[in-house]
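Next come the chains, spelled out residue by residue.
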Amino acid sequence: MTTVIDGKKVAASVIDKVKAAAQGLEEAKGVKPGLAVVIVGNDPASHAYVGAKGRMAKECGFNSVQHTLPEETSQEDLMRLVASLNDDPSIHGILVQLPLPKHLDSEPVIQSILPEKDVDGLHVVNAGKIAAGDLETGLLSCTPAGSMVLVREIHGKDLSGLNALVIGRSNLFGKPMALLLLAANATVTVAHSKTKDIAALARNADILVAAVGRAEMVKAGWVKPGATVIDVGINRVPAPEKGEGKSKLVGDVAYAECAPVAGAITPVPGGVGPMTIAMLMANTVIAASRKAGHTVPSF
Ligand code: NAP
């Protein structure tokens, strides 16, 4: 029987821990975790994500602040806002929603966030700590951290002897995911657009992680029987069966055909997606606890 990994349920238990940690911090130190989310422009998907993050931050008992900047915001104005949030002691986490409008360069903006407030885990200091094997003192990129929590649900903390394949090598996901799997003792391969015969590599993987952005690319014949399949992809595709002009979300894994072969698999939606936002909340309460010199929760 295939285990369907319920990301919503696991995320809800992370959120319960976050709430308890936030309450404990406020009682002990009088500090409320502060999360500032910055959004530039009018992209509807980005606004939906930012809205969800703000609502969740409030639900966790945080001080939730949203800065909505117009499409034509200059690089200087955006950098100035980040600098003011860096200086604001009531803000412990800063997230700049990506992608930014085309005329803005996201890299200098992300790198200008203080590493200790970089709750998205994208600053080179935080990326470098993962690369150096330090998973304790920095902030982990949210989606890989959340995916690891799901892997742990199936395999526990120690992945010794297991082969893992990560398809995708982005700084946002593929690279940190590979490093987290490595830190957990998995034997890790990273595939990308220049890799030859990914299917053969996949068939050798006990843990198969797909983060490409190509709808249902991973087929049943790629999956090692009994493998754990983590589908990070979010792709909107036409769904004429739901009515004319309708669409639906699918992952990078052809779920219906892969699920019977896998030992455990994440659905899309309802798998990795809910974990990303939960780990953002976790990072914010971690950052606030560190700043206040309070016990730092682990997730
Ligand atoms: P990205 O920056 O576009 O990276 C995609 C990666 O896939 C690249 O490394 C690329 O290789 C590789 N790739 C592209 N075509 C390929 C092919 N035919 N075969 C093998 N590899 C291929 O994307 P990302 O930010 O990592 O995100 C990947 C997916 O995850 C997207 O669908 C995104 O929406 C989703 N995502 C979901 C969450 C969540 O919360 N669930 C969070 C983040 C991302 P090269 O490096 O060689 O170009």
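Let us look at the structure shown here. As the structure is a computational prediction, the values presented were derived from the model and not from experiment.

If you look at the biggest cluster of nonpolar residues, it comprises 54 residues, and the most contacted ones within it are V18, F62, L159, L181, V209, M279 and M281. Among the elements of the structure, helix 1 (7-29), strand 2 (34-40), helix 2 (44-59), helix 6 (142-155), strand 5 (163-167), helix 7 (174-183), strand 7 (207-210) and helix 10 (272-292) are those that each provide at least two residues to this core. Among all residues touching L159, those that are not within four sequence positions of it are M148, V151, L181, A184, N185, A186 and I207. Core analysis: the second largest hydrophobic core is formed by 20 residues, I167, L208, M217 and W222 among them.

Over its 14 residues, helix 6 extends 20 Å from the first C-alpha to the last, a length consistent with the 20 Å expected when each residue adds 1.5 Å. For helix 6, a buried count of ten out of 14 residues is recorded, marking the element as mostly surrounded by other parts of the structure. Among the residues of helix 6, C142, T143, P144, A145, G146, S147, M148, V149, L150 and V151 are the ones counted as buried. Against the buried residues of helix 6 lie helix 1, helix 7, strand 7, strand 8 (228-231) and helix 10. G156 sits one or two residues past helix 6 and shows a positive phi near 75°.

Near the ligand there are 19 residues, and of these R169, S170, S193, V232 and T276 occur at the shortest range. Between the ligand and the protein, one listed contact pairs an oxygen atom with a backbone N or O atom of V232 at 3.5 Å. One of the backbone N or O atoms of I234 is found 3.1 Å from an oxygen atom in the ligand. Burial of the ligand by the protein amounts to 70% of the accessible area it has alone, namely 920 Å². Tallying contributions element by element places helix 10 first for the shell around the ligand, with three residues. Each residue belonging to the shell around the ligand can be placed in one class, and the counts come to eight nonpolar, nine polar and two charged.

Thresholds applied
- Residues numbered from 1 in each chain as written.
- Predicted model: local features only at pLDDT ≥ 70, side-chain atom pairs only at ≥ 80, totals over all residues.
- Heavy atoms only, no water.
- Core = buried A, V, L, I, M, F, W, Y, C linked by side-chain atoms within 4.5 Å.
- Buried < 20%, exposed > 50% of the residue type's maximum accessible area, 1.4 Å probe, protein only.
- Helix = DSSP H or I, 4+ residues; strand = E, 2+ residues; numbered from the N terminus.
- Contact = heavy atoms within 4.5 Å.
- Expected span 1.5 Å × (residues − 1).
- Near = heavy atom within 4 Å.
- Polar contact = N/O pair within 3.5 Å; in protein donor to acceptor, adjacent residues only side chain to side chain.
- Areas by Shrake-Rupley, 256 points an atom, 1.4 Å probe, with all protein chains shown as cover.
- Nonpolar A, V, L, I, M, F, W, Y, C, P; charged D, E, K, R; others polar.

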